[in-house]
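# Understanding the architecture of this molecule
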Amino acid sequence: MKKLFFIFIGILCLLPLHAQTKAEADSAYAEKKYDEAISLYTSLLRKGMNADIYYNLGNSYYKTDRMAEAILNYERAALLDPGNSDIRFNLELARSKTIDQITPASEMFFVTWSKDVVNLLGADGWAHVGVIAFVCACVLALLFFMGNKVAWKKIGLLGAFVMLIVVVFANIFAWRQHEELNVRTGAVVMSSSVSVKSTPNESGTDLFVLHEGTRVEVIDDSMKDWKEIQLADGKVGWMPTKAMERI
């Protein structure tokens, strides 16, 4: 019992320390001490992932013109909070300052639409929607079974059916967002420039050159020192693992 008491006291002591460090980081950023803010935000992230802290860290890097690091942290923030418009805006702003301006390959409108819908919320957000929809479905089902008027029964039946559809799709979307978090194929080029090769070795033919801040998708992760990557426009090649950092 005594041991549990001391553990509880220790946790209580750590909570204000975390809050204080976050406040100090925000204060350093507000005072334009960006390097100090970067150090403080980075130390906070060692305690766990947080979209707000990734976003603030990205802002700090942006203010010091370190676009690759800014984009990397905006991408990580967007992965945790995909529906946040501020994160998306700053990410696109940082991307506009990079050398490689890559036009994504065209895709069917319904594919783009489905991605936009899924990215309205993160995994936790969709899970909450699913729970709320399920509760609503149960209430409407009760209305169907216990209603004493035909109109109420119709409303209960139709509403319960619609809510169950919402439950199914919310769970599918939550699963997709969960997969995005666990199977991270996205990466950002961190080297000032890197030649993408036709084969996973230095003797391979140079296909094209990428510069820092460019996002790539890792499509072959089987080798330690080289990764096969794909750009948004469909170009494929091999680049050194050390030249990129996973989102």
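Above this text is the structure in question.
Figured I'd write up the structure that's included with this text. (Residues numbered from 1 in each chain as written. Predicted model: local features only at pLDDT ≥ 70, side-chain atom pairs only at ≥ 80, totals over all residues. Heavy atoms only, no water.)

### Quick look at the pattern of salt bridges
Selection rule: We count a salt bridge whenever a side-chain nitrogen from Lys or Arg sits within 4 Å of a carboxyl oxygen from Asp or Glu. The buried label applies to any residue whose accessible area, calculated with a 1.4 Å probe on protein chains only, is under 20% of its type's maximum; exposed applies above 50%, and partly exposed to all values in between. The secondary structure listing takes helices from DSSP runs of H or I that are at least 4 residues long and strands from runs of E that are at least 2 residues long, numbered from the N terminus.
Applying the stated criterion across every chain yields a total of 11 salt bridges. The salt bridge involving Glu31 is made with Lys33; its shortest N-O contact spans 3.2 Å. Classification of Lys33 by relative accessible area gives partly exposed; the value is 42%. As a salt-bridge pair, Glu75 and Arg95 come within 2.5 Å of each other at their nearest N and O atoms. Of the two residues, Glu75 is situated in helix 4 (residues 67–80) and Arg95 in helix 5 (residues 85–95); the sequence distance between them amounts to 20 residues.

### With respect to helix 3 (residues 51–63)
Every α-helical turn comprises 3.6 residues, leaving residues that sit three or four positions apart pointing alike. Inclusion rule: Any helix carries an expected span of 1.5 Å times its number of residues minus one. As used in this structure description, the phrase polar contact means that two N or O atoms lie within 3.5 Å; if the pair is within protein, one of them must be able to donate a hydrogen and the other to accept it, and residues adjacent in sequence are counted only when both atoms belong to side chains.
Spanning 13 residues, helix 3 covers 18 Å between terminal C-alpha atoms, matching the ideal 18 Å at 1.5 Å per step. Among the 13 residues that make up helix 3, 11 are buried, leaving the element largely enclosed by the rest of the structure. For helix 3, the set of buried residues is Ala51, Ile53, Tyr54, Tyr55, Asn56, Leu57, Gly58, Asn59, Ser60, Tyr61 and Tyr62. Between the side-chain oxygen of the N-cap and the backbone nitrogen of Asp52 there are 2.9 Å, and the N-cap of helix 3 in question is Asn50. Backbone geometry just downstream of helix 3 places Asp65 in the positive-phi region, at approximately 60 degrees.

### Let's talk about unusual backbone geometry
Even without glycine at this site, Lys32 takes up a positive phi of about 65 degrees. Relative to the helices and strands, Lys32 resides in the loop between helix 1 (2–30) and helix 2 (34–45). For Lys32, a relative accessible area of 62% translates into the label exposed. A positive phi angle, near 60 degrees, is found at Asp65, a position not held by glycine. One can find Asp65 in the loop between helix 3 and helix 4. Residue Asp65 is classed as exposed on the basis of its relative accessible area, which comes to 64%.

### Describing the packing of helix 3 against helix 5
For the record, the criterion: Angular values range over 0 to 180 degrees, each being the angle between N-to-C directions of two axes fitted as lines to C-alpha atoms, with helices fitted over their stretch in contact. Should an angle fall under 35 degrees it is called roughly parallel, over 145 degrees roughly antiparallel, and 65 to 115 degrees roughly perpendicular, with every other angle called oblique. Crossing handedness is read from the near helix: turned anticlockwise from the far helix by less than a right angle, it gives a left-handed crossing, and turned clockwise, a right-handed one. Two residues qualify as a contact provided that any one of their heavy atoms is within 4.5 Å of a heavy atom in the partner residue. Charged means Asp, Glu, Lys or Arg here, nonpolar means Ala, Val, Leu, Ile, Met, Phe, Trp, Tyr, Cys or Pro, and polar covers whatever is left, Gly included.
Running from N to C, helix 3 and helix 5 cross one another at 25 degrees; their axes reach a closest spacing of 11 Å. Here helix 5 runs roughly parallel to helix 3, going by the angle between their axes. Relative to helix 5, helix 3 is oriented so that their crossing is left-handed. Here Tyr55, Asn59 and Tyr62 of helix 3 lie close against helix 5, whose contacting residues are Asp86, Ile87, Asn90, Leu93 and Ala94. Within the contact of helix 3 with helix 5, the residues separate by chemical class into five nonpolar, two polar and one charged.

### Concerning the layout of surface pockets
Filter applied, for reference: Grid points spaced at 1 Å and placed over the protein atoms alone form the basis of the search, with a cavity being a set where a 1.4 Å probe fits but cannot get out and a pocket an open set showing protein on both sides within 12 Å along at least five of seven lines. Lining residues have an atom within 4 Å of a point. Grid points are joined across faces, edges and corners, and a volume is the space filled by probe spheres set on the points.
Empty space within the largest pocket amounts to approximately 1300 Å³. Lining the largest pocket are 36 residues, with Arg88, Arg95, Arg215, Glu217 and Ala232 sitting closest to its centre. Contributing elements (two or more residues each) for the lining of the largest pocket: helix 4, helix 5, helix 6 (109–118), helix 8 (150–182) and strand 4 (215–220). Ranked by the residues each element gives to the lining of the largest pocket, the list is headed by helix 6, at four residues.

### Describing the state of the cysteines
To keep things clear, this is the line we draw: Cysteine sulfurs are considered disulfide-paired once they come within 2.5 Å of each other.
For the coordinates displayed, the defined rule picks out zero disulfides. As a non-bridged cysteine, Cys136 has Cys138 as the owner of its nearest cysteine sulfur, 9.3 Å distant.

### Some points on the nonpolar core
Among soluble globular proteins, nonpolar side chains are generally buried collectively. Filter applied, for reference: Buried Ala, Val, Leu, Ile, Met, Phe, Trp, Tyr and Cys residues form a nonpolar core when they are joined through side-chain atoms within 4.5 Å.
Counting residues in hydrophobic clusters, the biggest one holds 27 residues, and the most contacted among them are Tyr41, Leu57, Tyr62, Tyr74 and Ala94. Mapped by element, the contributors of at least two residues to this core are helix 1, helix 2, helix 3, helix 4 and helix 5. Counting residues per element, this core draws most heavily on helix 4, which supplies eight residues. Setting aside residues no more than four positions away along its own chain, Ala94 makes contact with Tyr62, Met67, Ile71 and Tyr74. By size, the runner-up hydrophobic cluster in this structure holds 13 residues, among which are Val194, Val218, Ile229 and Ala243.

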